[in-house]
Structures are given as structure tokens and as C-alpha cells.
Amino acid sequence: METIVTSMPMNREPRAFEQRKRLIVVRIAAVAAVALLLFTRPFLSDGSEGHEVLELLGLTLVVVCVGGRLWSILYIGGSKKRELISIGPFSMTQNPLYFFSTVGAVGIGLIYGSAEAALLLGFVTFTIFRVTARKEAEFLLSNFGSSYSTYALRTPKFWPDPILYRDEKELYFSTHALKRTFYDGLFFLAIFPVIEICEYIRDTSTLPVLLTLY
């Protein structure tokens with residue numbers, strides 16, 4: 001079996017990943033999007049069959065997002081600065097955490113009941129993480145050299161390729177990182193009742209509806 005976890009050369013000094021700051025940016029964008037929903041209305045009325053289908057699909061994607069992020073953090077833990085992880089979800093895509101977060105963003109739009117909102121939130125999230133992934137790729141290349149180059153050549157940057165999946169029999173993970181990611185994932189689930197509250201406020205108040213989203 002090939003070597004799939006590469007330690008960082010000792011003579012390299014990593015620059016810090018600022019995951020918390022990036023997560024804050026995503027959360028601010030999500031809050032702004034929810035605020036905008038107060039002044040928009042989905043084309044499919046709340047309670048209609050089409051709206052309920054979109055809502056169920058969206059909730060499913062959010063659950064996939066939370067589960068996928070937890071699965072990914074089992075492999076990477078807190079070792080992203082020190083090791084090149086290329087097993088599990090990281091064998092299918094270089095950025096599984098970003099992929100699943102984007103899936104969650106699309107799900108939030110569908111929970112609202114709008115395909116347009118889903119596409120918009122997915123695009124904004126993808127754009128944010130695309131910039132982040134590019135910077136992280138530079139970091140990994142500078143610290144792992146040819147090991148990362150080989151990994152990057154065979155592994156998609158974003159969209160997973162299940163055919164590439166490989167794993168090891170034993171896995172050691174950080175319970176702290178898992179717990180932190182679980183709490184972060186609750187943010188996606190919390191959006192569901194927030195959207196319901198927004199819909200109630202919009203329908204029972206005199207807030208102007210500026211736009212209908214399909």
C-alpha cells in the first residue's frame with residue numbers, strides 16, 4: 001500500500017490557517033442571506049406540495065452537509081498543518097469540508113423554497129471556499145512539495161470522485177476537533193427554524209416583499 005500520510009518537513013515553518021475567520025465570513029453571509037429573505041417571497045407558497053418537496057430536499061442536503069463535515073474531520077482532526085491527509089473523503093476531493101459546506105448552503109436555499117436562492121447561496125459559498133482552497137493549496141505545496149503535487153494531480157480540487165476512494169483499517173482522530181465541527185454543523189441545522197421564523201414575520205407583518213424567488 002502506498003504511503004498516504006506525509007509529515008511536514010521539519011525545516012518548514014507553516015503559516016497559520018485561519019479557519020475560524022473563514023467560517024465567520026460564511027456565517028455573516030448566511031445571516032445576511034436570511035435577512036434578505038424577510039423581503040423576498042418564494043414562488044411556491046408555503047404549505048404547497050412543491051414547497052414541501054423542496055424543503056425536504058433542502059433539509060436532506062443540510063443533514064448530508066453536517067454528516068460529511070463530521071466524516072471529514074475524523075480524518076483531518078487538527079493535523080492539517082502537520083500532515084498531508086489523502087485517505088477517506090480526502091482521497092476523493094482535496095476539499096471535502098468545503099464541498100459539504102457548499103452542499104449545506106444549497107440545502108438552505110431549498111429549505112426556503114427557492115431554486116434561485118439555492119443556486120445563489122451555493123455559488124457564493126463555492127466562491128468563498130474556492131479562494132480559500134487556492135491559498136491553502138499554496139501552503140500545502142510549499143510545505144509538502146512533491147508529495148502534495150502528486151496528490152493534487154490525482155485528486156479533484158472540489159467535486160468528489162468516488163472511484164478514487166481509499167482508506168486504512170485503523171483511524172486515529174481528535175475528539176476535540178470532532179466536537180468543534182459538530183457544534184459548527186449545528187449552525188446549518190439552526191438555519192431551518194430561522195427561515196421558518198422569517199416566513200412567519202414576513203407573512204404576519206407589513207414588511208414589503210421586494211422580490212419573488214423561483
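In case you missed it, the structure is sitting above this.
What comes next concerns the included structure.

1. A closer look at the nonpolar core
Among the nonpolar cores identified, the biggest contains 21 residues, and Ile85, Phe90, Tyr98 and Tyr148 are the most heavily contacted of them. Element by element, the count of residues in this core is highest for helix H4 (residues 115-144), at six residues. If we skip the residues at most four places from it in the chain, tyrosine 148 touches Leu84, Gln94, Ala137, Leu140 and Leu141. Grouped together as the second largest cluster of nonpolar side chains are 14 residues, Cys65, Ile108, Ala117 and Ile195 included.

2. Brief notes about the packing of aromatic side chains
What the rule picks out here adds up to nine aromatic pairs. Geometrically, the ring pair formed by tyrosine 98 and phenylalanine 129 is stacked, given 4.4 Å between the ring centres and 5° between the ring planes. One end of the pair, tyrosine 98, is in helix H3 (residues 96-112); the other, phenylalanine 129, is in helix H4, with 31 residues separating them in the sequence. Look at tyrosine 98 and you get buried, because its relative accessible area is 6%. Between phenylalanine 99 and phenylalanine 100, the aromatic rings sit 5.3 Å apart at their centres with planes inclined by 70°, giving edge-to-face as the arrangement. Considered together, phenylalanine 99 and phenylalanine 100 belong to a single accessibility category, that of buried residues. Taken together, the ring pairs connect Phe99, Phe100, Phe126, Phe158 and Trp159 into an aromatic cluster.

How each quantity is defined
Residues numbered from 1 in each chain as written. Predicted model: local features only at pLDDT ≥ 70, side-chain atom pairs only at ≥ 80, totals over all residues. Heavy atoms only, no water. Core = buried A, V, L, I, M, F, W, Y, C linked by side-chain atoms within 4.5 Å. Buried < 20%, exposed > 50% of the residue type's maximum accessible area, 1.4 Å probe, protein only. Helix = DSSP H or I, 4+ residues; strand = E, 2+ residues; numbered from the N terminus. Contact = heavy atoms within 4.5 Å. Phe/Tyr/Trp six-rings, centres within 6.5 Å; stacked < 30°, edge-to-face > 60°.

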